[in-house]
Amino acid sequence: MLTDYATIGVFFLLTVSFPIAAMALSWIFRPKPKAAPDDEKYTTYECGVDTRGKTWIRFRVNYFLFALVFLAFDVETVFLYPWAVKFQKLGFFAFAEMIVFIAILVVALWYAWKEGALEWH
Amino acid sequence: MSTAAANLQLQDAVFVMIAIVTTGAALGVVFLRNIVHNALCLVLTFLGVAAVYFQLNAGFIGLVQILVYAGAISVLIIFAIMLVMDKEINQTNLPIPSLGRRIAGVYITALLVITLVLAIYFTAWPLATGAGAPFDAVGMLAELMLGDYVIAFEAAAVLLLVAVVGAVILAKGVEKQ
């Protein structure tokens, strides 16, 4: 059984090594600056508007609604998962059942949308 | 060395690695000074527990642990932190200097540890007999969920609908007629 998860382990190693390899390659091939980089180089964005004030601030309470709506659809995913695993064996009736399930939840999405829960103020 | 013994040792090694990461993350939850870092360590702890479930061949429970705990619950915790934060961020989880609270903490921890150790010591731990866990547990779950228990399954959708409507009403209030 554990060897099944070794596949995931291989994927994990690949995903870790891929960005490292990409950055290492660009480090090898990029032109090296002759002078030491000045302060401007070390800013987060070389161009654009600098941020003002601290970034660790309190956020608007409106965001909490996004969290709550996300919560409901996250739990929906738990139900979708076994269905997706067995999709080919289950046949049309299970497909219809899942359509009903999703249709009920689309009502939830429609209600949240109608009430402006998804709007960005 | 036989394959079974080698497999057992591999299982032990994997468990030790998971346990180190999980326990380390749990210690981070307690000791780090920045409460956002505490929350992120908590996510890592949840993922470690999920890894233990996966190792015990309880794949679906591990998946639910990742989706519900590492996904939903931690999102709630992080949002709650973001919405009420009013201190310097690296001062948000300072140790409490009061002696009384420390004594109370040590007392409660000692009670918990004693209870757990006694419970482990006095349990017989018989080896499980009978058939092992089904290989295709998620598939069986899908067949039951969409077969015999389809009413309960659709009722769960209605429950989620009620949860969303309730959340929207609680957060935004009902429109005045």
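Residues numbered from 1 in each chain as written. Chains lettered and ligands numbered in written order. Predicted model: local features only at pLDDT ≥ 70, side-chain atom pairs only at ≥ 80, totals over all residues. Heavy atoms only, no water.

A.B. asks: Mind showing me how you'd approach the nonpolar core here?
C.D. replies: One recurring pattern in soluble globular proteins is that nonpolar side chains are buried together. Ranked by size, the top nonpolar core spans 25 residues in total, and within it A:Phe101, A:Leu105, A:Ala108, A:Ala112, B:Phe153, B:Val164 and B:Val168 carry the most contacts. Beyond its immediate stretch of four places on either side in the chain, A:Leu105 contacts A:Phe73, A:Glu76, B:Ala157, B:Leu160 and B:Leu161. Counting residues in hydrophobic clusters, the runner-up holds six residues, among them A:Val78, B:Phe60, B:Val68 and B:Val138. (Core = buried A, V, L, I, M, F, W, Y, C linked by side-chain atoms within 4.5 Å. Buried < 20%, exposed > 50% of the residue type's maximum accessible area, 1.4 Å probe, protein only. Contact = heavy atoms within 4.5 Å.)

A.B. asks: Please clarify how a nonpolar patch on the surface should be interpreted in this entry.
C.D. replies: Residues and elements named next belong to chain A. Residues Phe12, Leu13, Val16 and Ile20 make up a contiguous nonpolar surface patch of roughly 420 Å² in combined accessible area. Among the secondary structure elements, Val16 is positioned in helix α1 (residues 2-29). Val16 sits in the partly exposed class, given a relative accessible area of 38%. (Patch = residues over 30% accessible without salt bridge, like charges linked within 9 Å, V, L, I, M, F, W, Y side chains within 5 Å. Areas by Shrake-Rupley, 256 points an atom, 1.4 Å probe, with all protein chains shown as cover. Salt bridge = Lys/Arg side-chain N within 4 Å of Asp/Glu carboxyl O. Helix = DSSP H or I, 4+ residues; strand = E, 2+ residues; numbered from the N terminus.)

A.B. asks: Before we go on, may I ask you to explain the layout of surface pockets in this structure?
C.D. replies: The gaps left among the atoms become clear once a water-sized probe is rolled over them. Taken as a whole, the largest pocket encloses approximately 910 Å³ of empty space. Lining the largest pocket are 21 residues; nearest its centre among them are A:Tyr5, A:Gly9, B:Val14, B:Ile18 and B:Ala51. Elements represented by at least two residues in the lining of the largest pocket include exactly α1 of chain A together with α1 (3-31) and α2 (35-55) of chain B. No other element matches α1(A), which puts eight residues into the lining of the largest pocket. By residue class, the composition of the lining of the largest pocket is 17 nonpolar, four polar and no charged. (1 Å grid on protein atoms, 1.4 Å probe; cavity = no way out; pocket = protein on both sides within 12 Å on 5 of 7 lines; lining within 4 Å. Points joined across faces, edges and corners; volume = space filled by probe spheres on them. Nonpolar A, V, L, I, M, F, W, Y, C, P; charged D, E, K, R; others polar.)

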